[in-house]
Structure formats: structure tokens, C-alpha cells
Amino acid sequence: MYIIAHRGSSSAAPENTIAAFDLAVQQGADYIELDVQLTMDQQVVVIHDETVDRTTDGSGPVKGYTLHQLKKLDAGSWFDSRYTHERIPTLQEILERYSQRIGILIEIKHPKRQIGIEKEVVDIMKRFSYSRHIMVQSFDDTALQRIKTYSPSLRTAYIIKPSVIKLAKRKLAAYSTFADCLNMKKTMINRYWINRIHSFRMDVFIWTIKDQQTANRLKKYPIDGVVTDHPPYFHKEKRSK
Ligand code: G3P
Ligand code: CA
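Enquirer: Quick question: what am I supposed to make of the coordination of the calcium ion (ligand 2) here?
Expert: Six octahedral donors at a metal ideally form angles of 90 or 180 degrees, and four tetrahedral donors ideally form angles of 109.5 degrees. Distances from the calcium ion (ligand 2) to its protein donors, namely Glu33 (OE), Asp35 (OD) and Glu107 (OE), fall within the range 2.1 to 2.3 Å. Considered as a linear motif, the donors of the calcium ion (ligand 2) on their single chain read E-x1-D-x71-E. Here Glu33 matches Asp35 in class, with each residue buried.

This is the structure we're talking about:
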């Protein structure tokens, strides 16, 4: 089962920063998960929200900034004053730093409002070689279909929220045309559904585990990966795949 550090090791360091990703590497996670969006000048940057308000000392939409302007923002002090030097990373910087060190799960955020982001992401990814796994995920099926068009061998995960109809056989057959994995909300976990998804040759990831009790409960299920803010919760169970 892969341990996937959600926005980095985000319980212990500011999310989607080098500090959080470095910590995930140190803690032995298998993947870092991160969120990408476009700046005003079409650069791919790593940040979760559509505005910079919650996780930086700036305000306003990410798309209202050029990369040069975004790089001036402090992306760490909101979490702890120790992290005042953290900056919003670009996807390019992340791949330079981690493509040989840890798996990378890239989430395309709000693709309907980020025209062209799928192509930008694939073009950046093609500049690197990877010694670990790399995947792209989204809540948006159209974005993943575009990813598969641009790069058919790139592994993808479709993120889904609870709905039994989403796991009907007809739906799963459709998902399997553009997704290699379903990333299910933790409230959906159920051995029957896991087996059904596996029968369509898709892996099962579960998001997002934030407490030890839920982590312990998950360990009995035959899942392929777990997205967590706390990678150490899973260390004893870690096995390579
Ligand atoms: O891996 C799924 C998870 O990252 C989706 O939720 O809001 O944390 O991006 P969010
Ligand atoms: Ca995410």
C-alpha cells in the first residue's frame, strides 16, 4: 500500500511547500500529493485554493498574479513563523527536486477555469525522467481524458465522492477508459466496492486520512494507496508494491 503525503506532510509543515514535501521524503512516504493551478502568465504553480488568502500573506485569486509576483508571497508563516521563507513552488521546481526521490501525484484543480492546464502539465512532465511513480489526478473526468490524449501511458486517478451510482458496473467500465485508479473518499470504503473496482483493473486509493483511528481501520482493506496528512500513521504497515 502506497503512503501518499497529502499536500506534503501537511499536518507538520505548511501544505504544498518544499518544507512539507521534504518532510514527506524524510518520513518515508511513497508519494507526495500536490495541487496545481495556472498563474496570470500561464505558469503552473503548486497551491490548493483558487485564492492565495488562506496559505500566504497575500490576497486575491492565484490567476490575478504573475509568477514573479506570486514568488514574493510568504507561503509558510500562516502555519508557523519558522516557515517564513517558504514560497509557492512551480511544478517545474517540484519535478526538478523530487522526480528521482519520491513518487508524485499531481492534482489538476478546477480545470474548467484553467484553460489549457492539462497540456501545460504534460509538457512540463515530459522534460523529466522518473525513478519513482508519477500520476495525475482530478475530480474532473474531462481533464483526465485530455491527459490521456496528450500522454496515453501516463497513469491517472479519478477522484470521487460518495455515490453508489458512481460504482455501478457501467460507470466503472467508462472510468477505466481514462483512469488507472479511483481515489475514493474515506467514507466510501467497502470491501465489495474495492473488489469491484479491482475487477475493472483499476487501483483503489483512499483520501484523506487525518486521524490514527481511521488509519488503523483502513489497514484491513486491500487498498493500493492512502492519501494522508500524517504519513507516520502508516509506517508499521508499509510494504512495497
Ligand atoms: O487526493 C485527493 C485530495 O487531494 C482531494 O482533496 O481538496 O485536498 O485537494 P483536496
Ligand atoms: Ca489535492
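Enquirer: Is there a simple way to think about the site of ligand 1 in this case?
Expert: All residues in the neighbourhood of ligand 1 are listed as His6, Arg7, Glu33, Asp35, His48, Glu107, Lys109, Gln137, Phe139, Asn183, Trp207 and Val227. At 2.7 Å, a side-chain N or O of His48 approaches an oxygen atom of ligand 1. Within the side chain of Asn183, an N or O atom sits 3.1 Å from an oxygen atom of ligand 1. Protein burial of ligand 1: of its 290 Å² of free accessible surface, 91% is covered by the chains. In terms of residue class, the shell around ligand 1 is made up of three nonpolar, four polar and five charged.

Enquirer: Mind showing me how you'd approach the environment of Tyr158 here?
Expert: Mapped onto the fold, Tyr158 is located in strand 6 (residues 155-160). Note on Tyr158: relative accessible area 8%, which makes it buried. C-alpha of Tyr158 to C-alpha of Val136: the two residues are 22 residues apart in sequence and 8.8 Å apart in space. Non-local contacts of Tyr158, meaning those with residues more than four positions away in its chain, are made with Ser138, Phe139, Asp140, Asp141, Leu144, Tyr175, Phe178, Ala179, Cys181, Leu182 and Asn183.

Enquirer: I keep staring at helix 3 (residues 91-98) and nothing clicks. Help me out?
Expert: Helical geometry: 3.6 residues make up each α-helical turn, so side chains three or four residues apart lie on a common side. Three or more residues of helix 3 are buried, namely Leu91, Ile94, Leu95 and Tyr98. The arc that holds the buried residues of helix 3, viewed along the axis, is 95°, so those residues lie on one side. Where helix 3 is buried, its residues touch helix 1 (18-26), strand 2 (31-38), strand 3 (44-46), strand 4 (103-108), helix 4 (117-125) and strand 5 (134-138).

Enquirer: It is not clear to me how the packing of helix 3 against helix 4 should be interpreted in this structure. Could you clarify?
Expert: Two quantities define a packed helix pair, namely the angle between the axes and the distance from one axis to the other. The contact between helix 3 and helix 4 brings their axes to 10 Å, and the two run at 30°. On the basis of the axis angle, helix 3 is roughly parallel to helix 4. Of the two possible hands of crossing, helix 3 and helix 4 adopt the one that is right-handed. Where helix 3 approaches helix 4, its residues Leu91, Gln92 and Leu95 are matched on the opposing element by Val121, Ile124 and Met125.

Procedures and definitions
- Residues numbered from 1 in each chain as written.
- Chains lettered and ligands numbered in written order.
- Predicted model: local features only at pLDDT ≥ 70, side-chain atom pairs only at ≥ 80, totals over all residues.
- Heavy atoms only, no water.
- Donors = N, O, S within 2.8 Å, 3.2 Å for Na, K, Ca; no water.
- Buried < 20%, exposed > 50% of the residue type's maximum accessible area, 1.4 Å probe, protein only.
- Near = heavy atom within 4 Å.
- Polar contact = N/O pair within 3.5 Å; in protein donor to acceptor, adjacent residues only side chain to side chain.
- Areas by Shrake-Rupley, 256 points an atom, 1.4 Å probe, with all protein chains shown as cover.
- Nonpolar A, V, L, I, M, F, W, Y, C, P; charged D, E, K, R; others polar.
- Helix = DSSP H or I, 4+ residues; strand = E, 2+ residues; numbered from the N terminus.
- Contact = heavy atoms within 4.5 Å.
- Arc of directions from axis to C-beta.
- Axes fitted to C-alpha atoms, helices over the stretch in contact; angles between N-to-C directions.
- Parallel < 35°, antiparallel > 145°, perpendicular 65-115°, else oblique.
- Left-handed = near helix turned anticlockwise from the far one by under 90°.

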